[in-house]
Amino acid sequence: MKKLLFLLLLLAPVFSHAQTKPYLSLADAERVTAAAQAKAKAEGWNVVIAILDDGGNLVSLKRMDGVQVGSIEVAQAKAKTAVYFKRSSKIFEDMMKGEGGARIATLPNATAIEGGLPIFKDGILVGAIGVSGVTSAQDGIIAEAGVQGY
């Protein structure tokens with residue numbers, strides 16, 4: 001009986017720590033990517049679309065035909081900025097244009113180029129999208145379409 005009680009006490013934390021916070025599933029990431037890709041195709045823009053989870057880890061990456069290789073890392077960096085700071089990477093781009101904006105360049109994981117947006121579910125950050133391949137404003141339009149598809 002003591003062994004059974006001991007075993008139940010050991011297992012209690014396992015059962016009580018079920019996934020309760022929202023998260024970005026692979027299906028969610030694919031839906032966001034599809035919405036972003038549809039906008040990019042409609043505009044005739046080829047881009048890289050990166051989706052990260054709330055820890056900044058890659059969940060999905062799509063490189064459309066003809067996009068420069070450098071955009072792979074840039075899209076991920078824009079998404080990481082959105083995850084780490086819970087805001088659009090455009091905010092950092094705008095701050096860079098202001099007086100003393102060069103200080104922004106010293107922030108770790110802050111890519112000051114439009115195209116990275118956080119993804120929230122029920123007010124909780126679940127991930128981010130980063131887009132690179134055309135102008136930063138166009139990247140931002142595509143990223144917004146992706147978030148709207150969530």
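The following paragraphs examine the structure supplied in this document. Since the model is a prediction, treat every value here as computed from it, not as a measurement. (Residues numbered from 1 in each chain as written. Predicted model: local features only at pLDDT ≥ 70, side-chain atom pairs only at ≥ 80, totals over all residues. Heavy atoms only, no water.)

Right, let's get into the pattern of salt bridges. Overall, the coordinates contain six salt bridges when judged by the stated rule. For Arg31, the salt bridge identified is with Asp28, shortest N-O distance 2.7 Å. Residue Arg31 and its partner Asp28 are both found in helix 2 (residues 26-43); the two are separated by three residues, about one turn of the helix. The partner of Lys78 in a salt bridge is Asp139, and the shortest N-O contact between them spans 2.7 Å. (Salt bridge = Lys/Arg side-chain N within 4 Å of Asp/Glu carboxyl O. Helix = DSSP H or I, 4+ residues; strand = E, 2+ residues; numbered from the N terminus.)

Residues Val47, Ile49, Ile51, Ile119, Ile129, Val131 and Ile142 are the most contacted members of the largest nonpolar core, which totals 22 residues. Of all elements in the fold, only helix 2, strand 1 (48-53), strand 3 (116-121), strand 4 (124-132) and helix 5 (136-148) reach the threshold of two or more residues within this core. Leave out the neighbours within four places in its chain, and Ile51 touches Leu24, Ala29, Val32, Thr33, Asn57, Leu58, Val59, Ser60, Ala128 and Ile129. With six residues, the next largest nonpolar core counts Ala82, Val83, Leu125 and Ala128 among its residues. (Core = buried A, V, L, I, M, F, W, Y, C linked by side-chain atoms within 4.5 Å. Buried < 20%, exposed > 50% of the residue type's maximum accessible area, 1.4 Å probe, protein only. Contact = heavy atoms within 4.5 Å.)

A positive phi angle, near 55°, is found at Lys86, a position not held by glycine. Looking at the secondary structure, you find Lys86 in the loop between helix 3 (70-85) and helix 4 (89-97). For Asp122, which is not a glycine, the phi torsion comes out positive at approximately 55°. Mapping Asp122 onto the fold places it in the loop between strand 3 and strand 4.

Looking now at the pairing of strand 2 (residues 58-63). Here strand 1 runs beside strand 2; their pairing, made up of five bridges, is antiparallel. When the bridges of strand 2 are listed, Ile51 appears paired with Ser60. Counted between consecutive antiparallel strands, the loop separating strand 1 from strand 2 contains four residues, among which Gly56 sits at a positive phi close to 85°. (Pairing = 2+ DSSP bridges.)

Taken in spatial order, the four strands of this open sheet run 2-1-4-3, and their pairing is antiparallel. Of all strands in the sheet, those with a lone pairing partner are strand 2 and strand 3, marking the two edges. On average, each strand axis in the sheet is inclined to that of its neighbour by 15°, with strand direction left out of account. Helix 3 rests against strand 1, strand 2, strand 3 and strand 4 of the sheet, and its axis sits at about 150° to strand 4. (Axes fitted to C-alpha atoms, helices over the stretch in contact; angles between N-to-C directions.)

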